[in-house]
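Chains, contacts and geometry: an overview
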Amino acid sequence: MSQATEESASEPSAETIREIGHDEYDPVGTFALIGLYFLILVFLWFFMYFVEFLGNDPTVVSGTAVVVALV
Amino acid sequence: MNVHTYEKIWLVAAMVLIVAFIATITYGSVGLGIAMVGDQQPTIEPTELGDDERFGEPRVEQVGENEYEAYVVAQTFSYQPDPIEVPEDSQVTFYVTARDVIHSFSIAGTNVNTMAIPGEIAEMTVEFDEAGEYGIVCNEYCGPDHHNMEGKLHVVSADEFDLTDLSADGPDEVAVGDSVDVDVVVENRQLEDLETTVTLEIGDETVSEEVTVPGGDAVETTLSVDSSALGEGDHDWTVTVDDHDSSGSVTVLEELDDDADGGEDDE
Amino acid sequence: MSNVYIDQFPAEAKVIRAAFYSSFLALALGGVFGIIQTLHRTDFLRFMDSVDYYTVLTAHGVFLVISFTIFFLVGIFTWAVTTSLDRGLEDIRFTWGWYSLMAIGITMTGVAILAGFTDAIDMSASVLFTFYAPLQAHPLFYLGLVLFVVGTWVAGVDWFRSWWAWKAENPDERIPLPTFMVLTTMLMWYIATLGVAAAILLFLLPWSLGLIETVNPLLTRTLFWFFGHPVVYFWLMPAYMMWYVMLPKFSGGKLFSDPLARVVFVLFLILSVPTGIHHQYLDPGIAEGFKFIAMTNTMFLLLPSLLTAFTVVASMEHGARQRGGEGYFGWLKALPWRDPVFTGMALAGLMFAAAGFSGMINAGMNINYLVHNTFWVVGHFHLTVGTAVALTFMAVTYWFLPQVTGKALWSRSVALGQVVVWFVGMTFMSNAMHRAGLLGVPRRTAEPQYEGFEFQAAVGSIGELDAQIALGGVLLTISLGMFFANVVGTALNGRSDDLPANEYAGALSGPDDAPLVLDNLKLWTAIAVVLVIFAYTFPLLSIIDRGGLFGPEVIPFPLTVESATTLGFALETAASTSFESAGEIATSALTAVMR
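Bear in mind the structure is a predicted one, so any value in this text is a computation, not a measurement.

1. Topic: the overall build of chain B
The helix and strand inventory of chain B stands at three helices and 18 strands. In terms of overall dimensions, chain B is more spread out than a globule: its C-alpha atoms have a radius of gyration of 27 Å, far above the 18 Å expected for 267 residues. For chain B, the C-alpha atoms occupy an extent of roughly 110 × 40 × 30 Å along the three principal directions. By the burial criterion, 55% of the 267 residues in chain B qualify as buried. As displayed, chain B has an accessible area near 11400 Å², and 39% of this comes from carbon and sulfur atoms. Between the mean site of the 6 positive side-chain charges and the mean site of the 64 negative ones, chain B shows a separation of 24 Å.

Structure, rendered in structure tokens:
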């Protein structure tokens, strides 16, 4: 078995200063980073859609919808 | 299965994100009426475009008060017509097909962009509010000269815009004393009647005629100048209607060598 | 006996070495063509005619996204199966068989492409990676691709044989995660390649041989994208595998969740294929409804990638905290940034986060009017396959190469410099490509500007964007040079006794936490097939019904230089020839069946 099990995780252990098990680990840093990523995604999405895309007139519209709008 | 609370929250957030993306696109489609190029149009034989009513003569046509249709053919390595001219404040429906390989029809710096696939016709309706000039690029690789495939779209002000076609035809030779008759056809592809003046200039002579060309129709007329006033020799002539002109030349001879050449010179 | 891969599996190590070296050869060729076209297109250095640009571009595309990526991944998949099942392949001659098929195939394709540079041979294939009909390549091009893909199919059979044999001996054990990832990826690949196999075998190859006269350009294009989107996951999933099973180890920690890793790969198996129509949002002849369905599938395909982002970062954080990292962001400093394997993969992952965003835009249906076929798209896939995949592959090479050669890495500092230079170079290049795309600059063109009009930049200028792209290209080329120096240097090293053991990362939440149903590959395959049938039956039938199985009359456009001038003549003559093809009969039969 070559999967590094808890006993045989010898390679990284040189720099491991503590063992953190499953139940004692809360990935708060990941949560913070990914939250940041989420905010960036939301901002960029709206920027791209409403500024870059809709601001790039003219745009293809459906002919019929426009006729209705004119009436 | 043992999923950490933070990852559960992230899972929910990711789903919200996905749904929000789909909702935005749907809002664009339904709320703003942004339509996709689709399967609205029937297929067409790419080798028989020449006989097609719409693509045989690629052009812009008026179909409603401010509505126009543009029939565009993309081919290696150009667009027909080129330039495409439409008026401002208009709604233009482009019908684009390809004669040979897959191209695109993309108006640079705008959201007007479609593939042009042989056998298929792309339909796109676009509103042009302001006058301006745009470049058209082919953004699908279509062969060794792909980078030279470009066209132009001119959105012109309403006064400058027309869909008038002028053709004029005159005799090659006339005998002194006979009249030089230039047959003029003025075609008006706009819907409104066109009231305009047809002018023939030949040498120092100028003849004009007021014509009214009904919308979607053509008017034929003949403008005549007495060749005696011109004198013997070669004379260039030009027929002008608004911004359009058509020209030719006529030789006034002492006597015609060949009667058959003269054609019908009587009214 | 050490715990290095070459000592555990010497025969397999040899195959993997061959696959790696094939992959690196393709990378070198692709890289050379990359810098040539970058400098040509940005107008900094030109020594060829713009006509040849497209031959260069075809070679750049095919060598990098077909041969470089796929040769590398069959190498690491072989490693993954043998290592995680702890057994050698069933029959090494069989293994050499599929490797040979792939090598012969890609050589044929490569010859067909490169022959385009010389008029001495009447052969060319400057049809780009997408080979859209009626652009026509030499038959050798298609035939080579078929052999190559068949080679990968047989490779999959090889790995499945290993798993079946292992399962017979270990009936109650969970599939080890790396093998699970290989198997799900290959199942996805089998489904995906049906599209390109159909396009080539039924239409393009017979057409290039003159056996059939015409093809339906929209049909072959749709079949291409049936394969053309999932192929990106075929590149990406091995990179994901590296992030899941190797990166945690290099970070000094463990995989955060084995079950979620399985969920992610199952989602890829299910959702990768029924999405290809999102490459055809602007195609006439496909109804808007089908495009909307493809978009929905594509958007949900974001889920496995977003989940991966969390799991992988959490695994890195676990490593960082075990190494003493603290705080919300402070732990990032505790990561082993001096290790080129770790740093390369982490930077690749960071780039993929950015690529994820431009991919979300590409997935959006109507926003494609803005970005479709612009330089934006090129920027996007230089972040995905060009960095997330390529940089990950190069970074793990620094770990794998010693494993399969038994020789120590030539230089860790050069390796570290290499991954950083790649990251910087790609930042310049892809950023400028994205921005240029938003201005409407098209992809796949030899010239920076047109005659009749100019692209208008709101911020900066086209000249500045071109300069960034050229600078990026130069940095990437330098990075490649450093990479090959290391590969050659390592190959020339003597055997080392001081190599790390062949291990992959353990998991905090192990396979025992994963529901058994996740390992039911038959179920997931069935669901994947059903989804593909749902997503593709009606579009394909509609395309065939509209345009015919063999399409309208089209003129083959063989891509030799002369053909541009002869085309006009061909058009005239072809228009007058009568046409009665099997296509019409087949179409009417199909239409009858549909009714």
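The structure having been displayed, the exposition proceeds.
2. As for the domain arrangement of chain B
Residue and element names in this part refer to chain B. As assigned here, chain B comprises domain 1 (1-34), domain 2 (46-156) and domain 3 (164-261). Each of domain 2 and domain 3 was reduced to a C-alpha centroid, and the two centroids are 34 Å apart. At the interface, eight residues of domain 2 touch four residues of domain 3. Together domain 2 and domain 3 conceal approximately 430 Å² of surface at their shared face, both sides included; 44% is due to carbon and sulfur atoms.

3. Things to note about the packing of helix H6 (residues 177-208) of chain C against helix H8 (residues 230-245) of chain C
Residues and elements named next belong to chain C. For the pair H6 and H8, the least separation of the axes is 10 Å and the interaxial angle reads 175 degrees. In terms of their interaxial angle, H6 and H8 are classed as roughly antiparallel. Contacts between H6 and H8 involve Leu177, Pro178, Met181, Val182, Thr185, Met186, Met188, Trp189 and Ala192 on the former and, on the latter, Pro230, Val231, Tyr233, Phe234, Met237, Met241, Tyr244 and Val245. Tallied by class, residues from the contact of H6 with H8 come to 16 nonpolar, one polar and no charged.

4. Regarding the sheet that holds strand E6 (residues 103-107) of chain B
Residue and element names in this part refer to chain B. Pairing within the open sheet is mixed, and its five strands lie in the order E4-E10-E9-E6-E7. Edge positions in the open sheet fall to strand E4 (84-87) and strand E7 (113-116), since each of these has one partner strand only. Going from strand to strand, the sheet's axes swing by 20 degrees on average, the running direction of each strand aside. Pairing analysis gives four bridges linking E4 to strand E10 (residues 150-156), with the strands arranged parallel. Among the inter-strand pairings, glutamate 85 is bridged to a residue of E10, identified as histidine 154.

5. Focus on the pattern of salt bridges
Residues and elements named next belong to chain C. Per the counting criterion, the structure on display carries 19 salt bridges over all chains. Among the salt bridges present, the one from arginine 93 reaches aspartate 91, with a minimum N-O distance of 3.4 Å. Overall, the relative accessible area of 66% leaves arginine 93 in the exposed class. The exposure class assigned to aspartate 91 is partly exposed, which follows from its relative accessible area of 22%.

6. Focus: the UniProt feature "transmembrane region" (unreviewed entry) in chain B
Look at the UniProt record and you will see "transmembrane region" (unreviewed entry) annotated at residues 9-37 of chain B. Across residues 9-37 of chain B, helical content stands at 79% and strand content at 0%; the span's end C-alpha atoms are separated by 38 Å.

7. Regarding the interface of chain C and chain A
On the chain A side, the residues contacting the 44 residues of chain C number 36 residues. Summing both sides of the interface, chain C and chain A together bury roughly 3800 Å²; the carbon and sulfur share of this comes to 65%. Glutamate 326 of chain C is the partner of arginine 18 of chain A in a salt bridge, and the nearest nitrogen-oxygen pair spans 3.2 Å. Along the contact surface separating chain C from chain A lie 16 residue pairs in polar contact (both at pLDDT 80 or more). The set of elements that each furnish at least two residues to the side of chain C that touches chain A consists of helix H12 (302-322), helix H13 (340-363), helix H14 (368-371) and strand E3 (507-509) of chain C. The element contributing the most residues to the side of chain C that touches chain A is H12 of chain C, with nine residues.

8. Details of the UniProt feature "domain: Cytochrome oxidase subunit II copper A binding" (unreviewed entry) in chain B
Following the UniProt record, the feature "domain: Cytochrome oxidase subunit II copper A binding" (unreviewed entry) maps to residues 65-167 of chain B here. The span residues 65-167 of chain B is 0% helix and 56% strand, and its two end C-alpha atoms sit 26 Å from each other.

9. Some points on the sheet that holds strand E12 (residues 173-175) of chain B
All names here are of chain B. Across the sheet, which stays open at both edges, the five strands sit in the order E12-E18-E17-E14-E15 with mixed pairing between neighbours. Single-partner strands in this sheet number two, and they are E12 and strand E15 (205-213). Direction aside, neighbouring strands of the sheet carry axes that sit 25 degrees apart on average. Pairing of strand E14 (residues 194-202) with strand E17 (residues 233-241) involves five bridges; the strand directions are antiparallel.

10. Section: the nonpolar core
Core analysis: the largest hydrophobic core is formed by 283 residues, its most contacted members being Phe94 and Phe105 of chain B together with Phe141 of chain C. Among the elements that make up this core, the one with the highest residue count is helix H3 (residues 53-85) of chain C (22 residues). Here this core gathers at least three residues from each of two domains, domain 1 (1-34) and domain 2 (46-156) of chain B. Residues contacting phenylalanine 105 of chain B, with those up to four places away along its chain left out, are Val72, Tyr79, Ile84, Phe94, Val96, Val112, Asn113, Thr114, Met124, Ile136 and Val137 of chain B.

11. Quick word on the UniProt feature "transmembrane region" (unreviewed entry) in chain A
As annotated by UniProt and renumbered to match this structure, "transmembrane region" (unreviewed entry) occupies residues 31-51 of chain A. Between the end C-alpha atoms of residues 31-51 of chain A the distance is 29 Å, and the span holds 100% helix and 0% strand.

12. Examining helix H11 (residues 288-300) of chain C
Taking 1.5 Å per residue as the helical rise, H11 of chain C with its 13 residues ought to reach 18 Å, and the 19 Å between its terminal C-alpha atoms agrees with that figure. Looking at the packing, one finds that the buried side of H11 of chain C touches helix H1 (28-53) of chain A, helix H1 (5-31) of chain B together with helix H10 (258-271), H12, H13 and helix H18 (521-547) of chain C.

13. What to know about the interface of chain B and chain C
Many authors give the size of an interface as the accessible area that is lost as the parts come together. Residue-level contacts link 66 residues of chain B with 75 residues of chain C. Both faces combined, the contact of chain B with chain C buries some 6100 Å², and carbon together with sulfur accounts for 68% of it. Counting across the chain B and chain C interface gives two salt bridges. Two residues, arginine 546 of chain C and glutamate 120 of chain B, come together in a salt bridge whose shortest N-O distance is 2.5 Å. At the surface where chain B touches chain C, the tally comes to 27 residue pairs in polar contact (both at pLDDT 80 or more). Elements with a minimum of two residues in the side of chain B that touches chain C: H1, E7, strand E8 (122-128), strand E9 (132-137) and E10 of chain B. For the side of chain B that touches chain C, the leading source of residues is H1 of chain B, giving 14 residues.

14. As for a negative patch on the surface
Side chains of Asp57 of chain A together with Asp89, Glu127, Asp129 and Glu130 of chain B sit close together on the surface and give a patch of like negative charge. Relative to the assigned elements, aspartate 57 of chain A resides in the loop between H1 and strand E1 (60-61).

15. Concerning the pairing of E9 of chain B
Residue and element names in this part refer to chain B. Here E6 runs beside E9; their pairing, made up of two bridges, is antiparallel. Each bridged residue has a counterpart across the sheet, and for serine 106 the counterpart in E9 is valine 137. Bridge count between E9 and E10: six bridges; the pairing is antiparallel. Of the residues in E10, the one forming a bridge with glutamate 133 is histidine 154.

16. Some details on the packing of aromatic side chains
For any pair of aromatic rings, the description consists of the separation of the ring centres together with the inter-plane angle of the planes. Residue and element names in this part refer to chain C. Evaluated as defined, the whole model comprises 68 aromatic pairs over all chains. Between phenylalanine 20 and phenylalanine 400 the ring centres are 6.2 Å apart and the planes differ by 75 degrees, which places this aromatic pair in the edge-to-face class. Linking phenylalanine 20 in helix H2 (residues 10-41) with phenylalanine 400 in helix H15 (residues 375-405), this pair joins segments that are 380 residues apart in sequence. Using a relative accessible area of 1% as the deciding quantity, one classes phenylalanine 400 as buried. Taking 6.4 Å as the distance between ring centres and 45 degrees as the angle between the ring planes, the aromatic pair formed by phenylalanine 129 and tryptophan 235 counts as tilted. With a gap of 106 residues between them, phenylalanine 129 in the loop between helix H4 (92-114) and strand E1 (135-136) and tryptophan 235 in helix H8 connect regions that are remote in the sequence.

Thresholds applied
Residues numbered from 1 in each chain as written. Chains lettered and ligands numbered in written order. Predicted model: local features only at pLDDT ≥ 70, side-chain atom pairs only at ≥ 80, totals over all residues. Heavy atoms only, no water. Helix = DSSP H or I, 4+ residues; strand = E, 2+ residues; numbered from the N terminus. Rg over C-alpha atoms; globule rule 2.2 N^0.38 Å. Buried < 20%, exposed > 50% of the residue type's maximum accessible area, 1.4 Å probe, protein only. Areas by Shrake-Rupley, 256 points an atom, 1.4 Å probe, with all protein chains shown as cover. Lys, Arg positive; Asp, Glu negative; His and termini not counted. Charge placed at Lys NZ, Arg CZ, Asp CG, Glu CD. Domains from an automatic or database assignment. Contact = heavy atoms within 4.5 Å. Buried area = accessible area lost by both parts, 1.4 Å probe. Axes fitted to C-alpha atoms, helices over the stretch in contact; angles between N-to-C directions. Parallel < 35°, antiparallel > 145°, perpendicular 65-115°, else oblique. Nonpolar A, V, L, I, M, F, W, Y, C, P; charged D, E, K, R; others polar. Pairing = 2+ DSSP bridges. Salt bridge = Lys/Arg side-chain N within 4 Å of Asp/Glu carboxyl O. UniProt positions renumbered as here; feature names shortened; annotations may be inferred. Polar contact = N/O pair within 3.5 Å; in protein donor to acceptor, adjacent residues only side chain to side chain. Core = buried A, V, L, I, M, F, W, Y, C linked by side-chain atoms within 4.5 Å. Expected span 1.5 Å × (residues − 1). Patch = residues over 30% accessible without salt bridge, like charges linked within 9 Å, V, L, I, M, F, W, Y side chains within 5 Å. Phe/Tyr/Trp six-rings, centres within 6.5 Å; stacked < 30°, edge-to-face > 60°.

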